[in-house]
Amino acid sequence: AQSVTQLDSQVPVFEEAPVELRCNYSSSVSVYLFWYVQYPNQGLQLLLKYLSGSTLVKGINGFEAEFNKSQTSFHLRKPSVHISDTAEYFCAVVGTGGFKTIFGAGTRLFVKA
Amino acid sequence: DTGVSQDPRHKITKRGQNVTFRCDPISEHNRLYWYRQTLGQGPEFLTYFQNEAQLEKSRLLSDRFSAERPKGSFSTLEIQRTEQGDSAMYLCASSLTGLAGEKETQYFGPGTRLLVL
């Protein structure tokens, strides 16, 4: 079984500042990792995913994440945030042989002018 | 590719009533998932179909919940005798089997927000 911990429930940041949203996971098997973004009253949109290969993954809207197997982490970063990045961000994991995606509780990113 | 659609987007009902939600996945996707999301939480897995077969059902899904995907295309989720605790956002997602990892890449619909009074 897998589990996901998002270490920060809320992250306030000023516009154009860098941001890192932290995610740690636990699993006894190899995993695939995902970050999704959810805007108010909407479904989840895939930001990026790690399946294999390079541990640095680039996604949409200027976000990137780095898979660190030894630290079981998959932190999300953006060098310069915009007001429009204000949303809820979810880290998710699924075992490579499975289908059930486990989501973290989410991190609310609030970008201030 | 028009994405995953869900209907209705919002539903208000009285306790004890039955409700049914519909999900239309991306057309070539053969896997379909239902999740429930409560305020301040991530989505929780409810059930999963591969084509028309329901292959897994979470313990969260009580006997009052039933899901179908009769022709391997759209799916319905029915809740009978609704309770206030059923109030949540119900999300549908779909994926395509194929390359390793791609089948786990799920594309989500906008959700149906249910409020039980």
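Since the model is a prediction, treat every value here as computed from it, not as a measurement. (Residues numbered from 1 in each chain as written. Chains lettered and ligands numbered in written order. Predicted model: local features only at pLDDT ≥ 70, side-chain atom pairs only at ≥ 80, totals over all residues. Heavy atoms only, no water.)

J.: Can you walk me through the overall build of chain B in this structure?
T.: Along its length, chain B carries zero helices and eleven strands. The C-alpha atoms of chain B give 14 Å as radius of gyration, which agrees with the globular expectation for 117 residues (13 Å, within 12%). Based on the C-alpha atoms only, the size of chain B along its principal axes is roughly 45 × 25 × 20 Å. Pairs at least 24 residues apart make up 54% of the contacts formed inside chain B by residues separated by at least 6 positions. (Helix = DSSP H or I, 4+ residues; strand = E, 2+ residues; numbered from the N terminus. Rg over C-alpha atoms; globule rule 2.2 N^0.38 Å. Contact = heavy atoms within 4.5 Å.)

J.: Would you mind going over the nonpolar core with me for this structure?
T.: It is characteristic of soluble globular proteins that their nonpolar side chains tend to be buried jointly. Core analysis: the largest hydrophobic core is formed by 27 residues, its most contacted members being Leu33(A), Trp35(A), Leu47(A), Leu48(A), Phe74(A), Leu76(A) and Tyr89(A). Counting 19 residues, the second largest nonpolar core, distinct from the first, contains Phe21(B), Cys23(B), Ile26(B) and Trp34(B). (Core = buried A, V, L, I, M, F, W, Y, C linked by side-chain atoms within 4.5 Å. Buried < 20%, exposed > 50% of the residue type's maximum accessible area, 1.4 Å probe, protein only.)

J.: What should I look at first to understand the interface of chain B and chain A in this one?
T.: Size of an interface, as often reported, equals the accessible area lost when the parts are brought together. The interface of chain B with chain A comprises 24 residues on the first partner and 21 residues on the second. Summed over both partners, the interface of chain B with chain A buries about 1,800 Å², with 56% contributed by carbon and sulfur atoms. Across the chain B-chain A interface, the total number found is one salt bridge. Linking chain B with chain A are four residue pairs in polar contact (both at pLDDT 80 or more), by the criterion used here. When residues of the side of chain B that touches chain A are traced back to their parent elements, those giving at least two are strand E4 (31-37), strand E5 (44-50) and strand E9 (88-95) of chain B. Among the elements that line the side of chain B that touches chain A, the one with the most residues is E4(B), at four residues. Here the side of chain B that touches chain A is composed, by residue class, of ten nonpolar, eight polar and six charged. (Buried area = accessible area lost by both parts, 1.4 Å probe. Salt bridge = Lys/Arg side-chain N within 4 Å of Asp/Glu carboxyl O. Polar contact = N/O pair within 3.5 Å; in protein donor to acceptor, adjacent residues only side chain to side chain. Nonpolar A, V, L, I, M, F, W, Y, C, P; charged D, E, K, R; others polar.)

J.: Mind showing me how you'd approach the state of the cysteines here?
T.: Working definition of a disulfide: a covalent bond connecting the sulfur atoms of two cysteines. Residues and elements named next belong to chain B. Throughout the structure, instances matching the rule amount to two disulfides over all chains. Between Cys23 and Cys92 runs a disulfide, and the two sulfur atoms are separated by 1.8 Å. Sign of the S-S torsion, about -65 degrees for the bond between Cys23 and Cys92, identifies this disulfide as left-handed. Separated by 69 residues along the polypeptide, Cys23 in strand E3 (residues 19-24) and Cys92 in strand E9 bring together distant segments of the chain. (Disulfide = S-S within 2.5 Å.)

J.: Help me out: how do you make sense of the confidence of the model for chain B in this one?
T.: Reading predicted coordinates in detail is not appropriate for stretches of low pLDDT. Across chain B, pLDDT averages 91, with 93% of residues at or above 70. Looking over chain B, one finds the lowest element-wise mean pLDDT in strand E6 (residues 53-57) of chain B, namely 88, and the highest in E3(B), namely 98. (pLDDT = per-residue confidence, 0-100.)

J.: So what exactly am I meant to see when it comes to the pattern of salt bridges here?
T.: Any two side chains of opposite charge can pair if their charged atoms end up close together. In total, this model carries nine salt bridges over all chains according to the counting rule given. When the shortest N-O distance is used, the salt bridge between Asp85(A) and Lys78(A) registers 2.8 Å. Of the two residues, Asp85(A) and Lys78(A), both sit in the buried class. Two residues, Arg22(B) and Asp24(B), come together in a salt bridge whose shortest N-O distance is 2.7 Å.

J.: It is not clear to me how the sheet that holds strand E8 (residues 75-79) of chain B should be interpreted in this structure. Could you clarify?
T.: Residue and element names in this part refer to chain B. Strand order in the open sheet formed by four strands is E1-E3-E8-E7, and the pairing between neighbours is antiparallel. Strands at the two margins of the open sheet, each flanked by one partner only, are strand E1 (5-7) and strand E7 (65-68). Neighbour to neighbour, the strand axes of the sheet diverge by 15 degrees on average, direction disregarded. Two strands pair when backbone bridges link them, and E3 and E8 are joined in this way by five bridges, in the antiparallel orientation. Counterpart to Cys23 in the pairing with E8 is Ser75. (Pairing = 2+ DSSP bridges. Axes fitted to C-alpha atoms, helices over the stretch in contact; angles between N-to-C directions.)

J.: Looking at this model, I keep getting lost on the packing of aromatic side chains. Mind explaining?
T.: Describing an aromatic ring pair means giving the distance of the ring centres and the angle of the ring planes. Residue and element names in this part refer to chain A. Considering all chains together, one arrives at 13 aromatic pairs over all chains under this definition. Both rings, one in Tyr36 and one in Phe103, keep their centres 5.7 Å apart while their planes meet at 50 degrees; by these two values the pair is tilted. Taken together, the residues span a long stretch of sequence, with Tyr36 in strand E5 (residues 31-38) and Phe103 in strand E11 (residues 102-103) at a distance of 67 residues. For the pair Tyr36 and Phe103, a shared accessibility class is recorded, and that class is buried. Judged by centre distance (4.4 Å) and plane angle (25 degrees), the ring pair of Tyr50 and Phe67 falls under stacked. Here Tyr50, found in strand E6 (residues 44-50), pairs with Phe67, found in strand E8 (residues 64-68); they are 17 residues apart in sequence, far enough to count as distant. Considered together, Tyr50 and Phe67 belong to a single accessibility category, that of buried residues. The ring of Phe14 is capped by Lys112, whose NZ or CZ atom sits 4.5 Å from the centre of that ring. (Phe/Tyr/Trp six-rings, centres within 6.5 Å; stacked < 30°, edge-to-face > 60°. Lys NZ or Arg CZ within 6 Å of the ring centre and 35° of its normal.)

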